[in-house]
Amino acid sequence: SNRLMISERLSPSEQLQEVALEVALLSESKLIDEEVEFLKLTSDEARRLARFEFARLMALAMILPYEKFFTTARKLRYDINVLRSRFGVTFAQAAWRLTMLQKSGQSGVPFFVMETDSAGNRLRRAGASGFPVTRFGGDCPKLVVHQAFGSPGQIFAETVVTPQDAKFVVIGRTIEGLRSGYLERPQRTALLIGFDIAQADEVVYGDGLAGDNGVEPVKIGPACRLCERAGCVSRAHPPLTRPLGLDEMVRGVSAFDFQ
């Protein structure tokens, strides 16, 4: 019947993205199929997921045109809250669009974004080049994105340093999902948004966090099973790469000290 049914639980900007997503699937199906084919995926399920993800990104490009969004983002120093107000979109939509501003000759700060739920499950990520993200085993419990669940809607920012001495500025903020009914538990996830500390002067979130007067970076790592940082109070598991230290006469800050 050529009708599109959209849930009233979505915000107006989310409804607009759903319309744009269907437009992408209908009008740019050949282009999306070519991109999916390039990935050389091995299952129909993976190809279906990839098609949806390409269409989702294409929908964001439709509702947030590159030239206007790129120019405004640079002028506002990538302040996501101001960007969402300027373009009438959600915080998440503006954040994901920032990871796509890498057009040749007109590129912005290379952001990465990772979405996670309160149990630590990673839902999706983009642009995470250089940032320690493991395929399995969860994330570092010291990441600010986990702190965000304690204060929904508030932005937390900090600098972090990896075991390889790579430094990043990261922010964490919760985002709301579908509007819930009275008897339903709210759907809430959180975004970890970051960029290399070398671009801190270009982004509002780097103010006061980088440079000689910046705060001491938080020492993070990959999943606990792969992390060899000693004396970590947040460690949940011993590393697989080191033998566990068991000394009945000595107890360190972690229950999983290792040799």
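Read on for a plain summary of the structure. Since we're looking at a predicted model, the values are computed, not measured.

1. Concerning the overall build of the chain
Along the backbone of the chain there are seven helices and eight strands. Partitioning the intrachain contacts of the chain with sequence separation of at least 6 by distance along the chain shows that 55% fall at a separation of at least 24. Working note: accessible area of the chain is about 15,200 Å², and carbon and sulfur atoms make up 51% of it. Side-chain charges in the chain split into 32 positive and 31 negative, and the spacing between the mean points of these groups amounts to 2 Å.

2. Points about the packing of helix H3 (residues 44-63) against helix H6 (residues 91-98)
Two elements in contact, H3 and H6, have axes whose closest approach is 10 Å; the angle formed by their N-to-C orientations is 100°. Classified by the angle between their axes, H3 and H6 sit roughly perpendicular to one another. In this structure, H3 contributes Arg56, Leu60, Ala61 and Ile63 to the contact, and H6 contributes Gln93, Trp96 and Arg97. Looking at the contact of H3 with H6, its residues break down into four nonpolar, one polar and two charged.

3. Concerning helix H4 (residues 66-75)
Taken together, the buried positions of H4 are Tyr66, Phe69, Phe70, Thr72 and Ala73. Tucked into the core, H4 has its buried residues touching helix H5 (80-87), H6, strand S1 (102-103) and strand S2 (106-107). At the C-terminal side of H4, Arg77 shows a positive phi close to 55°.

Scoring rules and cut-offs
Residues numbered from 1 in each chain as written. Predicted model: local features only at pLDDT ≥ 70, side-chain atom pairs only at ≥ 80, totals over all residues. Heavy atoms only, no water. Helix = DSSP H or I, 4+ residues; strand = E, 2+ residues; numbered from the N terminus. Contact = heavy atoms within 4.5 Å. Areas by Shrake-Rupley, 256 points an atom, 1.4 Å probe, with all protein chains shown as cover. Lys, Arg positive; Asp, Glu negative; His and termini not counted. Charge placed at Lys NZ, Arg CZ, Asp CG, Glu CD. Axes fitted to C-alpha atoms, helices over the stretch in contact; angles between N-to-C directions. Parallel < 35°, antiparallel > 145°, perpendicular 65-115°, else oblique. Nonpolar A, V, L, I, M, F, W, Y, C, P; charged D, E, K, R; others polar. Buried < 20%, exposed > 50% of the residue type's maximum accessible area, 1.4 Å probe, protein only.

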